[in-house]
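# Report on the structure
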Amino acid sequence: MENAEKDWIVRKREELKSWMNDDKRRTGLSRAISAYTSAKERALSRLPELEELRKEVRGIKERSIREIDALVKVTIDSVREVRGEAYLARSAAEAKEIVSELTGSGKLVVKSKSLTGEEIGINEVLEENSNRVYETDLGEFIIQLRGEKPTHIINPSVHVPREEVAKTFSKLLGKGVSPEIPELVGVAREYLRDKFCNADIGITGANVVAANTGTIFLVENEGNARFVSNAPPKHICLTGIEKIVPTLQDAFKVLQVLPPYATGVFMSAYVSLITGPSKTADIEKTIVYGAHGPKELHLILLDNGRTRMAEDSVFVEALYCIRCGGCMYECPIYRVLGGSFGNNYFGGIGLIWSAFTTGEEGVAVAVDACTKCGRCKEVCPLGIDTPRMVERLKETLVKRGFLTPRHEEIKRNILEKGNPFGEDEARRD
Ligand code: SF4
């Protein structure tokens with residue numbers, strides 16, 4: 001394990017260095033960060049009631065995670081009661097199996113809110129089964145075309161400046177596209193329009209799930225999640241179990257805190273509440289499923305390490321995260337390392353999420369980059385103590401032998417010479 005581990009560390013370090021030296025990525029990031037920061041400050045200054053609300057949401061999340069097993073059962077029953085189907089996937093492999101069975105092959109699949117899908121590598125599975133897959137969130141669409149990985153949980157292509165987007169779209173259309181942002185948005189709109197209507201299956205994530213009604217909340221500004229969850233005949237929603245809250249009222253509270261911290265708006269342009277498949281009883285009061293919306297609704301609730309997180313008195317806090325992404329923009333290290341700071345999740349909180357959901361190796365180098373400045377905790381709407389969790393993660397990784405060569409040298413020096421520098425005791429006197 002020693003050598004393989006060390007090779008991996010060297011590779012990760014190279015990846016970190018390449019990020020640090022990539023001016024284009026840093027330009028994209030810094031433009032986005034300054035636009036986000038001023039929008040968020042404006043929104044927060046006009047919403048004083050948020051102060052109270054975010055404390056309430058913290059309480060809701062704490063309660064929900066404490067009762068997570070029971071809430072999963074309630075959610076599954078509620079979804080079945082309204083003629084949907086719900087599943088608990090204990091691992092990424094189980095979730096992939098369910099998705100494969102539900103989608104089959106040779107289908108046209110449109111997607112939105114793909115963060116949890118990224119966690120399990122859903123696109124790879126769909127494509128292996130010969131399905132055609134289109135990401136429809138603009139940011140996800142851009143990175144799908146570029147063959148890249150997301151770099152932010154809310155703005156996955158935040159590192160791609162407009163000039164690069166123009167090059168990508170020019171290649172897609174086989175003609176020059178100007179780097180004017182409204183024109184770029186128009187390209188995506190035109191290109192994806194018929195995909196929504198012709199798709200066999202729509203796959204989304206969820207922002208919140210209300211257990212008592214089995215309602216899926218989708219919060220968005222673009223309007224694509226509505227198409228994805230509404231136009232195709234089958235809707236599959238893949239989301240983590242931590243998104244469940246006990247009631248519809250609780251879900252509405254989370255909903256009010258999310259947009260100002262996520263995108264600096266008072267409320268997102270679209271909020272979809274989905275409770276079961278589409279239906280009508282307009283002819284002789286006889287219920288028929290699949291009127292204008294999907295005939296089938298499948299909710300896959302993913303564990304994949306979340307229960308282990310919930311069992312730990314320190315890491316449990318990561319499950320309270322409502323995925324606003326605000327802490328990433330404020331993190332000085334994220335600004336430099338961007339997408340290399342974690343695997344599918346980013347920033348300090350992303351280190352914890354990546355470690356539990358995709359493996360500790362992926363964060364063993366980046367975890368050392370955290371300066372413990374505490375800015376992430378300060379700006380988090382739920383006051384999540386990410387620096388404490390990162391510290392705990394570092395300790396855990398060291399205990400499991402994930403040491404960089406430099407740390408190993410220091411450890412050896414201390415054990416053999418009694419000091420971290422490897423100096424002979426006599427010389428030190
Ligand atoms: S840790 Fe807090 S600030 Fe960061 S994404 Fe989660 S809720 Fe938002």
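Presented here is an overview of the structure given in this document. (Residues numbered from 1 in each chain as written. Predicted model: local features only at pLDDT ≥ 70, side-chain atom pairs only at ≥ 80, totals over all residues. Heavy atoms only, no water.)

## Some words on the overall build of the protein
So the rule is basically this: Numbering goes from the N terminus for both helices and strands, where a helix is a DSSP run of H or I of at least four residues and a strand is a run of E of at least two. With the radius of gyration taken over C-alpha atoms, the globule rule is written as 2.2 Å times the number of residues to the power 0.38. Residue burial is assigned from relative accessible area. The probe radius is 1.4 Å, only protein chains are included, and a residue is buried under 20% of its type maximum, exposed over 50%, and partly exposed in between. By the convention used here, residues are in contact when the closest approach between their heavy atoms is within 4.5 Å. Using a 1.4 Å probe, accessible areas were evaluated by the Shrake-Rupley method; residue-level cover was limited to the displayed protein chains.
On a plain count of helices and strands, the protein comes out with 20 helices and twelve strands. Relative to the compact-globule value of 22 Å for 429 residues, the protein shows a C-alpha radius of gyration of 23 Å, a close match. With the principal axes as the frame, the protein shows a C-alpha extent of 95 × 55 × 50 Å. Counting the 429 residues in the protein, one finds 54% classified as buried. Taking all contacts inside the protein whose residues are at least 6 apart in sequence as the whole, residues at least 24 apart take part in 72%. Of the accessible surface of the protein, which amounts to about 19500 Å², a share of 50% is contributed by carbon and sulfur atoms.

## Quick notes on the site of the ligand
We apply this condition: A molecule or strand has a residue near it when one of that residue's heavy atoms lies within 4 Å. Only Asp, Glu, Lys and Arg are considered charged in this grouping, and only Ala, Val, Leu, Ile, Met, Phe, Trp, Tyr, Cys and Pro are considered nonpolar; every other residue, Gly among them, is considered polar.
By nearness alone, every residue bordering the ligand is listed as Cys321, Ile322, Cys324, Gly325, Cys327, Ile349, Cys380 and Pro381. When grouped by side-chain class, the residues that make up the shell around the ligand number seven nonpolar, one polar and no charged.

## Let's talk about the nonpolar core
We count it as follows: The definition of a nonpolar core used throughout is a set of buried Ala, Val, Leu, Ile, Met, Phe, Trp, Tyr and Cys residues joined through side-chain atoms within 4.5 Å. Where each domain starts and ends follows an automatic or database-derived domain assignment.
Grouped together as the largest cluster of nonpolar side chains are 67 residues, with contacts concentrated most on Ile349, Ile352, Trp353, Ile384, Met389 and Leu393. Here this core takes seven residues from helix α12 (residues 248-263), the largest share from any one element. The residues that make up this core include at least three from each of domain 1 (2-44 + 325-414) and domain 2 (67-307). Ignoring sequence-local partners within four residues, the contact set of Trp353 consists of Glu242, Arg306, Met309, Ala318, Leu319, Cys321, Arg323, Tyr345 and Thr358. By size, the runner-up hydrophobic cluster in this structure holds 19 residues, among which are Ile68, Ala86, Ala211 and Ile241.

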